[in-house]
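The primary structure of each chain is shown beneath.
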Amino acid sequence: MPFEERRQYYGIGFLMPWIIGVSIFFLYPLISSVYLIFCDVGFSNNGLTTTFTGFKNIRNVYFTQAYPIQCITQAVGKTLVNLILITVLSLFIAVLLNQQFKGRAFARTMFSIPVIVASGVLMQLFKADLSASSMVEESSTIFQGSGLEEILLSFGLSSELITSFVGLVNNALDIIWRCGVQILLFLSGMQSIPGYLNEVSDIDGATAWQKFWKITFPLVTPFLIINAIYTIVDSSTYYDNPVMKEVGWKFDGLQFGYCNTLSFGYGIVVVLMVFIVYKILARRVVYLD
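These figures come from a predicted structure and were not determined experimentally. Residue numbering note: each chain is counted from 1, following its sequence as written. This being a predicted model, a pLDDT of at least 70 is required before a residue's local features are given, and a value of 80 or more before pairs of side-chain atoms are given or counted; all residues contribute to the totals for chains, interfaces and linings. Excluded from the side-chain calculation are hydrogens and water; included are all heavy atoms of the structure.

A run of H or I in DSSP becomes a helix once it reaches four residues, and a run of E becomes a strand once it reaches two; helices and strands are each numbered from the N terminus. For the protein chain, the count of helices and strands is 14 helices and 2 strands. Out of the 289 residues belonging to the protein chain, those deemed buried represent 30%. Of all intrachain contacts in the protein chain linking residues separated by at least 6 positions in sequence, the fraction that spans at least 24 positions is 66%. Accessible areas in this description were obtained via Shrake-Rupley with a 1.4 Å probe; residue shielding takes into account the shown protein chains only. Total accessible area computed for the protein chain in this model is approximately 18,900 Å², and 67% of it derives from carbon and sulfur atoms. Partly exposed residues are those whose accessible area sits between 20% and 50% of the maximum for their type, while under 20% is buried and over 50% is exposed, using a 1.4 Å probe and protein chains only. Throughout, a contact is declared for two residues whenever any of their heavy atoms are within 4.5 Å.

Turning to the packing of aromatic side chains, a few remarks are in order. Each aromatic ring pair is specified by the distance between its two centres and by the angle formed by the two planes. Note on aromatic pairs: the rings of Phe, Tyr and Trp (six-membered ring only in Trp) are paired at centre separations within 6.5 Å, and the planes decide the class, stacked below 30 degrees, edge-to-face beyond 60, tilted for the rest. Scanning all chains against the criterion turns up 5 aromatic pairs. Taken together, Trp-209, Phe-212, Trp-213 and Phe-217 form an aromatic cluster joined through their ring pairs. Between Lys-250 and the ring centre of Tyr-258, over which it is positioned, the NZ or CZ distance is 5.1 Å. A ring is scored as having a charge over it whenever the NZ atom of a lysine or the CZ atom of an arginine sits within 6 Å of its centre and within 35 degrees of its normal.

Position of Gln-182 relative to the elements: it lies in helix H9 (residues 180-191). Each residue touching Gln-182, except ones within four places of it in the same chain, is listed here: Ile-86, Ser-90, Asn-227, Tyr-230 and Thr-231.

Before going further, it helps to spend a moment on the pattern of salt bridges. When a carboxyl oxygen of Asp or Glu is within 4 Å of a side-chain nitrogen of Lys or Arg, the pair counts as a salt bridge. Overall, the coordinates contain 1 salt bridge when judged by the stated rule. Across the salt bridge formed by Asp-202 and Lys-211, the nearest N and O atoms sit 2.9 Å from each other. Relative accessible area serves as the criterion here: at 44%, Asp-202 is assigned to the partly exposed category.

With that settled, the discussion passes to the confidence of the model for the protein chain. Confidence per residue, as judged by the predictor, is encoded in pLDDT with a range of 0 to 100. Per-residue pLDDT for the protein chain averages 78, and the proportion of residues at 70 or more is 79%. Averaged over each element, pLDDT in the protein chain is lowest for helix H5 (residues 120-133) (55) and highest for helix H12 (residues 221-236) (89). Within the model, the stretch residues 134-143 combines pLDDT values under 50 with 9 contacts to residues more than four positions away or in other chains.

This brings us to the environment of Cys-259. Inspection of the secondary structure puts Cys-259 in helix H14 (residues 256-282). Cys-259 sits in the buried class, given a relative accessible area of 5%. Separated by 226 residues in sequence, Cys-259 and Ser-33 place their C-alpha atoms 9.3 Å apart. Leave out the neighbours within four places in its chain, and Cys-259 touches Val-247, Lys-250 and Phe-251.

All right, on to a nonpolar patch on the surface then. Residues Met-1, Tyr-9, Ile-12, Phe-14, Leu-15, Met-16, Trp-18, Ile-19, Ile-20, Ile-24 and Phe-25 make up a contiguous nonpolar surface patch of roughly 1,300 Å² in combined accessible area. Inspection of the secondary structure puts Ile-24 in helix H1 (residues 3-37). Here Ile-24 falls in the partly exposed class, since its relative accessible area comes to 49%. The residues that make up patches have over 30% relative accessible area and no salt bridge, and they are joined within 9 Å when like-charged or within 5 Å when they are Val, Leu, Ile, Met, Phe, Trp or Tyr.

A separate point is H12. Working rule for helices: expected span equals 1.5 Å times residues minus one. The first and last C-alpha atoms of H12 sit 22 Å apart over 16 residues, in line with the 22 Å expected at 1.5 Å per residue. Of all the residues in H12, the buried ones are Thr-221, Pro-222, Leu-224, Ile-225, Asn-227, Ala-228, Thr-231, Ile-232, Ser-235 and Ser-236. Against the buried residues of H12 lie helix H3 (67-97), H9, helix H11 (208-219), helix H13 (242-252) and H14.

In this section: the pairing of strand S2 (residues 47-52). By this definition, two strands are paired if DSSP reports at least two bridges between them. In this structure, strand S1 (residues 39-44) lies alongside S2, joined through 6 bridges in antiparallel fashion. The partner of Gly-42 across the bridge, within S2, is Thr-49. Counting the residues in the hairpin turn of S1 and S2 gives 2 residues.

With 12 residues, H9 should cover 16 Å at 1.5 Å per step; its first-to-last C-alpha distance of 17 Å lies within 8% of that length. Those residues of H9 not exposed but buried are Gly-180, Gln-182, Ile-183, Phe-186, Leu-187, Gly-189 and Met-190.

This paragraph deals with the packing of H3 against H14. Comment: axis = line fitted to C-alpha atoms, over the contacting stretch for helices; angle = value between 0 and 180 degrees taken between N-to-C directions. Two elements in contact, H3 and H14, have axes whose closest approach is 11 Å; the angle formed by their N-to-C orientations is 35 degrees. Crossing angle aside, the handedness with which H3 passes H14 is right-handed. Judged by residue contacts, Pro-68, Ile-72, Ala-75, Val-76, Thr-79, Leu-80 and Leu-83 of H3 engage Tyr-258, Leu-262, Tyr-266, Val-269, Met-273 and Val-277 from H14. Amino acid classes used here: Ala, Val, Leu, Ile, Met, Phe, Trp, Tyr, Cys and Pro are nonpolar; Asp, Glu, Lys and Arg are charged; the rest, including Gly, are polar. Split into classes, the residues belonging to the contact of H3 with H14 amount to 12 nonpolar, 1 polar and no charged. Each crossing gets its handedness from the near helix: less than a right angle anticlockwise from the far helix is left-handed, clockwise is right-handed.

A few words now on the packing of H3 against H13. Following both chains from N to C, one finds H3 and H13 inclined at 140 degrees, their axes separated by 7 Å at the closest point. What the angle tells us is that H3 and H13 run oblique. For the pair formed by H3 and H13, the contact residues are Tyr-67, Cys-71, Ile-72, Gln-74 and Ala-75 on the first element and Pro-242, Val-243, Glu-246 and Trp-249 on the second. Residues belonging to the contact of H3 with H13 are distributed by class as follows: 7 nonpolar, 1 polar and 1 charged. Note that the term roughly parallel is reserved for angles under 35 degrees, roughly antiparallel for angles over 145, roughly perpendicular for angles of 65 to 115, and oblique for everything else.

This part is about the environment of Tyr-287. Position of Tyr-287 among the secondary structure elements: in the segment after H14. We classify Tyr-287 as exposed; its relative accessible area is 60%. Here the alpha-carbon distance between Tyr-287 and Pro-222, two residues 65 residues apart in the chain, equals 7.4 Å.

Next up, the structure:
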C-alpha cells in the first residue's frame, strides 16, 4: 500500500472514536429534536408520547406569538455588542501582556483563570458573592450602577445614553471574564510574528503605534476570525442569553415542541451571523508567506 494511502487510513482510524461519538451523542439527539418540532409531546404511563401535528409549533412560535421573535432580536443585538467589546478588549489586553514587564507571568496566569474555570454558573455565583460583599446601606460607590447613574444624570446626559453606559459598566466584570480564550489566541498569534519584522521597523524609526497597525494587527487577523466565531457561539449559548432563558423556562414547563422550534430557529440565525462575520473579516485577513 502506498505511503500516502496508509496515512489516510491512519487518519481515519485516529478520527474514528470522534466519528462514533458524534454519531451516537449528537446526530441521534439532533434528528430526534427535529422530529419533535413537528409533534405535540405528552406523557403517559408508557413514558413520552408524540403526536404529529405538522407545522403547528412553527406557526405558534414564529407567527402567532411576538415574544419569541423579540427574544431572538434581543439575543442577536446582545451578541453583536459582546462581539465588538470582547474582541477589542481581548486584543488590547493581549497587546499589554505581550510586552516585557515584571510580573508578566503572573498577569498572564490571572487572565488564564477564566479559561480553566469557564462556567456560566460559576460566573453567576461569583457575581452574586461580589455584589453581596460590596453592598452598602446608605450610599453606593462609583462601581455600582446607581451611583454612576446619578453622576451621569448630573451632567445632563440623555437617559438612553446613560442606560447603555451603565449597562456596560455593570457587565464589565462579566465581559473581562469572557475574554480569557480570546486573549490566549491573540497572544499565540503575536508570539508567532517573526522578530525580524520588529527589528527592521525599529531601525527605520517606526513608533509603537505604527508597528501595531502595520505589523501586529495585520498578522493577527487570522486569529481575529477565530475569536469572532468563538465569541458569537459563546455569547449565543451563554447563561444570560434571552433565548437560552426562554428555552430553559419552557423546558421546565415540559413544552418540548416549543423549545425545539425556538432553538432551531435561533440556531439558523447564529449560523447566518457566523457566515456573515466570516465573509466580512475574511477579506481583511493577512497571511505571512
